[in-house]
Amino acid sequence: MIPRSRRRRRVKELIFVGLFLVSIAVALATVVILLGSVVATALPSLRPSVLFNFASFSNPDQAGYAAAIVGTLWIVGLTLLFSLPLGIAAGVYLEEYAPRNQLTRLLEASVSNLAGVPSVVFGLIGLAVFVRAFGLGFTVIAASLTLTILVFPYVVITAQEAVRAVPQSIRDGAVALGSTKWQAIRRQVLPAGTPGLLTASILAASRTMGEAAPLIVISSFSLLRFLPDGPKSPFSVLPVQIFAYISQPPAFHGVAAAGVLILLFLLITFNSVAIVVRNRLQRRRW
Amino acid sequence: MAKTKPAESAVIVSAESEATPAYVAVDIQDALIEARDLSIWYSKKQAIHKVNLKIPRHQVTAIIGPSGCGKSTVLRSINRMNDLIPYCRTQGQMIVDGEDAYGPNVDPVLLRRKIGLIFQKPNPFPKNVYENIAFGVKLHYQATKEEIDGVVTSALQQANLWDEVSGRMDESALSLSGGQQQRLCIARALAVEPDILLMDEPCSALDPVATAKIEDLIFELKKDMTIVIVTHNMQQAARVADYTAFMYLGRLVEFDRTRDLFERPHEELTENYITGRFG
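This report concerns the structure included in the present document. Since the model is a prediction, treat every value here as computed from it, not as a measurement.

Another aspect to go through is the overall build of chain B. A count of helices and strands for chain B gives eleven helices and eleven strands. Expected size for 279 residues packed as a compact globule is a radius of gyration near 19 Å; at 19 Å, chain B falls within 12% of this value. Overall, chain B is about 60 × 50 × 35 Å in size when its C-alpha atoms are taken along their principal axes. Counting only residues that meet the buried cut, chain B has 45% of its 279 residues in that class.

Laid out in structure tokens, this is it:
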């Protein structure tokens with residue numbers, strides 16, 4: 001056996017660490033440049049009117065996001081309300097109750113595949129089913145239901161992982177005391193899996209907030225002059241509103257960039273709250 | 001499904017032909033638990049071969065044997081915990097208090113209520129001390145806060161844990177020491193007032209001091225209930241058990257009063273095991 005040169009090994013190590021650092025730098029630079037250019041563009045347009053005014057395509061100084069912000073909050077809220085119980089229930093079924101057979105595997109594969117479907121397709125489904133067939137029209141509720149089926153697979157997969165991460169010994173302990181399977185799940189497995197379930201809600205909310213394509217299909221109104229006030233109200237949402245401003249003459253691009261910042265702010269706020277709650281729960285673990 | 005059937009029945013036939021009678025030195029008149037021709041399969045692998053075993057009321061019975069001999073499997077068939085394992089199949093009878101636990105009208109959920117199970121590794125719920133005990137009570141009763149408080153206190157006292165945790169009720173059970181966690185699990189089982197307590201190597205994860213405390217507890221508890229303990233620690237069996245069953249390769253080899261089994265084993269296999277020639 002010929003001994004490997006120590007120097008060559010050390011050089012290799014350095015090369016790879018260097019490569020890793022470059023990769024990180026590329027990612028970081030992208031974020032910094034993106035954020036920097038958005039902030040720079042948005043700066044002249046950052047005034048209260050951006051938050052409190054309705055949309056306008058005639059005067060960039062008066063244009064705002066009031067309706068879009070409220071619309072986004074409505075839709076995110078309703079989508080979470082529908083998708084979390086539905087997705088968690090499906091995840092619990094697949095993980096705890098479904099027999100381990102071909103059919104279940106097929107079902108799980110279908111859910112994963114659903115997560116890979118381009119989001120605009122969900123928009124078309126929403127248009128055909130919720131807007132037209134159910135006659136819901138271009139409303140908050142139709143948009144929420146559309147986004148519910150969009151985020152459903154993510155919630156299912158994350159919920160499955162959350163439930164799977166709870167040790168079997170906890171189920172056994174509960175069942176040995178004479179609990180039914182459901183009592184064990186409801187009283188022990190789900191509470192123990194809450195951190196993971198919060199991850200599901202983070203994913204669902206992030207997807208919902210940022211989604212533009214399916215909502216363009218089911219008509220987010222870009223010149224809404226009132227605040228969406230319920231499930232049956234017409235709506236506009238931030239990503240689509242930003243897109244609408246970008247499509248206007250360059251005078252509106254500052255407003256568009258300001259919209260990006262508002263969207264980022266909402267997203268980061270929601271996720272931070274969820275992450276703080278999750279970390280607090282995670283401190284006490286088995 | 002149809003394809004696998006002939007293979008399974010072939011196994012059953014071979015099991016019958018291989019059945020060797022165990023040496024049972026004492027006949028238990030007042031058996032609370034009795035396995036009759038109990039056979040258990042994990043998928044196609046037979047883990048238990050026609051075990052016949054009587055477990056006396058209000059005594060401590062130990063099941064000993066080398067790893068993989070099926071002692072835990074037999075223990076867990078008493079309260080049907082094996083039901084939770086996919087592809088685990090049971091044949092024969094497990095009579096508990098006069099009724100076959102595997103009979104058609106038995107609800108395993110009700111059965112388990114009367115039979116506590118303590119696991120090898122302490123498995124408190126990731127909740128506080130109080131909630132760990134209260135959980136079992138709340139499963140079966142709609143109780144007021146005062147009633148639950150009373151049960152929690154008396155269960156912890158019974159498990160010799162009250163003095164150590166009375167001021168720590170709202171601390172996470174996971175912050176207790178291993179021995180305390182195991183006694184918490186015992187208290188949790190006692191809170192639903194079982195007639196039988198099954199212990200599956202309850203001390204194997206504990207240090208000698210914690211082990212001694214559990215063994216003391218076993219002595220106190222046997223006044224009120226029937227205890228079956230699986231252990232691969234023969235000294236422990238000798239210390240705590242009134243009766244001992246020795247199992248090997250899925251079969252019951254010998255059953256006797258503990259002292260007789262250790263001092264005058266009848267089977268060569270038993271003697272080799274307790275003298276440490278294998279294990």
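This part covers the overall build of chain A. Along the backbone of chain A there are twelve helices and zero strands. Within chain A, residue pairs in contact and separated by at least 24 positions form 76% of the contacts whose partners lie at least 6 positions apart.

Okay, the interface of chain B and chain A next. Contact with chain B, which involves 23 residues of that partner, is made by 18 residues of chain A. Among the secondary structure elements, those contributing two or more residues to the side of chain B that touches chain A are α3 (108-113), α4 (129-140) and α7 (178-190) of chain B.

All names here are of chain B. The strand order across the open sheet built from four strands is β3-β2-β5-β6, with neighbouring strands paired in antiparallel fashion. The open sheet has two edge strands with one neighbour each: β3 (45-56) and β6 (99-100). Pairing of strand β2 (residues 31-42) with strand β5 (residues 88-96), which is carried by eight bridges, proceeds in the antiparallel orientation. Following the sheet pairing, I40 is matched in β5 by T90.

Rules used in this analysis
Residues numbered from 1 in each chain as written. Chains lettered and ligands numbered in written order. Predicted model: local features only at pLDDT ≥ 70, side-chain atom pairs only at ≥ 80, totals over all residues. Helix = DSSP H or I, 4+ residues; strand = E, 2+ residues; numbered from the N terminus. Rg over C-alpha atoms; globule rule 2.2 N^0.38 Å. Buried ≥ 20, exposed ≤ 12 C-beta atoms within 10 Å, placed from the backbone. Contact = placed C-beta atoms within 7 Å. Pairing = 2+ DSSP bridges.

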